Amino acid sequence: GWYGVLARPLLWLLKRTYGWVGNWGAAILLVTLAIRILLFPLMHKSYASMKKMQKLAPKMNAIRDRYKKAKTDAAQRAKMNQELMALYQAEGYNPMSGCFPVLLQLPILVAFYNVLSRAVELRHAPFVLWIHDLSAVDKSYLLLILMIVTMYIQQAMTPSTVDPMQKKIFMAMPLLWGFMLKDMPSGLVLYWLFSNVLTILQQMLINRMGRDEPPAGKPARVKMARA
């Protein structure tokens, strides 16, 4: 399909990695790691945008509250949008900056999904412990449970500006993903699980980088060496 342009190089990379490590499960982990490293700048940019939006949320909500009673008035809605755009411009925030890096990742992730769900090389290929066939469903569902848990951890670490009702909907997403992947090959669930773990580690790294940066308008403190 359309993702063949990306899927074929990914399959080639998976085969080359297997030739190096001799285990298809380890090859999946290493290729996933390489992809996440390549996508790290996009993840960092998306996270920075979400953090900025989180700081702007009170001002945005204040503007929306002023026009809450005029939802059906097109002129008032247009005025509200103008005020929001003026706020974005004043704060140097682009609403699309948080979505664009994520959208760029989707073709790669979907292509890898297609590779792992269709590659005949994974037939009867063992990984470790109880996983004896990466092309078969993990009947213990241990990988699936770990994947759901890591998705919840990932959500808890991600900056959010959604209201309580939307937050409840988002909290149901890991269970929805678990339901969709419960009958998928264990190799695909392994990829998703490890990708979640790497995202959590990336989030921790980005959080640390954010703490090390001095606040806006405040110079970094320079330590003076003692004589």
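Here is what the cut-offs are and how they apply
- The residue count restarts for each chain, going from 1 along the sequence in the order it is written.
- Given that the model is predicted, a residue must reach a pLDDT of at least 70 before its local features are reported, and side-chain atom pairs must reach 80 or more before they are shown or counted; all residues, however, enter totals for whole chains, interfaces and linings.
- Side-chain numbers here rest on the full set of heavy atoms in the structure, without hydrogens or water.
- What makes a salt bridge here is a side-chain nitrogen of Lys or Arg within 4 Å of a carboxyl oxygen of Asp or Glu, nothing more.
- Buried, partly exposed and exposed residues are distinguished by accessible area as a fraction of the type maximum, computed with a 1.4 Å probe on protein chains only: under 20%, between the cut-offs, and over 50%, respectively.
- Put simply, buried Ala, Val, Leu, Ile, Met, Phe, Trp, Tyr and Cys residues joined by side-chain atoms within 4.5 Å make one nonpolar core.
- Working definition: helices are DSSP H or I runs of at least four residues, strands are E runs of at least two. Numbering for both runs from the N terminus.
- Residue contacts are defined here by distance: any two heavy atoms, one from each residue, within 4.5 Å place the two residues in contact.
- Patches here are clusters of residues that have more than 30% relative accessible area and form no salt bridge, with a 9 Å joining cutoff for like charges and a 5 Å cutoff for nonpolar side chains (Val, Leu, Ile, Met, Phe, Trp, Tyr).
- To be clear on the numbers: accessible area is Shrake-Rupley with a 1.4 Å probe, and residue cover counts the displayed protein chains and nothing else.
- Classification of ring pairs rests on two measures: the distance between centres of Phe, Tyr or Trp rings, Trp counted by its six-membered ring, which must be within 6.5 Å, and the angle between planes, read as stacked under 30 degrees, edge-to-face over 60 and tilted in between.

Undergrad: It is not clear to me how the pattern of salt bridges should be interpreted in this structure. Could you clarify?
TA: Charged atoms that come close allow side chains of opposite charge to pair. The final tally for this structure, using the stated rule, is one salt bridge. In this structure, the salt-bridge partner of D183 is K182, at a minimum N-O distance of 2.9 Å. The class of K182 is partly exposed, set by a relative accessible area of 27%.

Undergrad: Honestly, the nonpolar core in this entry has me stumped. Any pointers?
TA: The nonpolar side chains of soluble globular proteins are, as a tendency, buried together. If you look at the biggest cluster of nonpolar residues, it comprises 32 residues, and the most contacted ones within it are L14, F112, L116, L134, M147 and Y191. Elements with a contribution of two residues or more to this core: α1 (4-21), α2 (24-66), α4 (99-118), α5 (142-157) and α7 (186-212). Those residues in contact with M147, other than ones at most four positions away along the chain, are W177, G178, L181, V189, W192, L193 and N196.

Undergrad: How should I be thinking about a nonpolar patch on the surface in this particular structure?
TA: A surface patch of nonpolar side chains, amounting to about 490 Å² of accessible area, comprises W20, V21, L30, L33 and I37. When contributions to the nonpolar patch are tallied by element, the ones reaching two or more residues are α1 and α2. In terms of residue count, the dominant contributor to the nonpolar patch is α2 (three residues). With respect to the helices, strands and loops of the structure, L30 is situated in helix α2.

Undergrad: Even after reading the chapter, I still don't get the packing of aromatic side chains, so can you show me in this structure?
TA: Here the distance between the centres and the angle between the planes together describe a pair of aromatic rings. Considering all chains together, one arrives at three aromatic pairs under this definition. With a centroid separation of 4.1 Å and 5 degrees between ring planes, the pair formed by Y18 and W24 is classed as stacked. Assessed through its relative accessible area of 10%, W24 is described here as buried.

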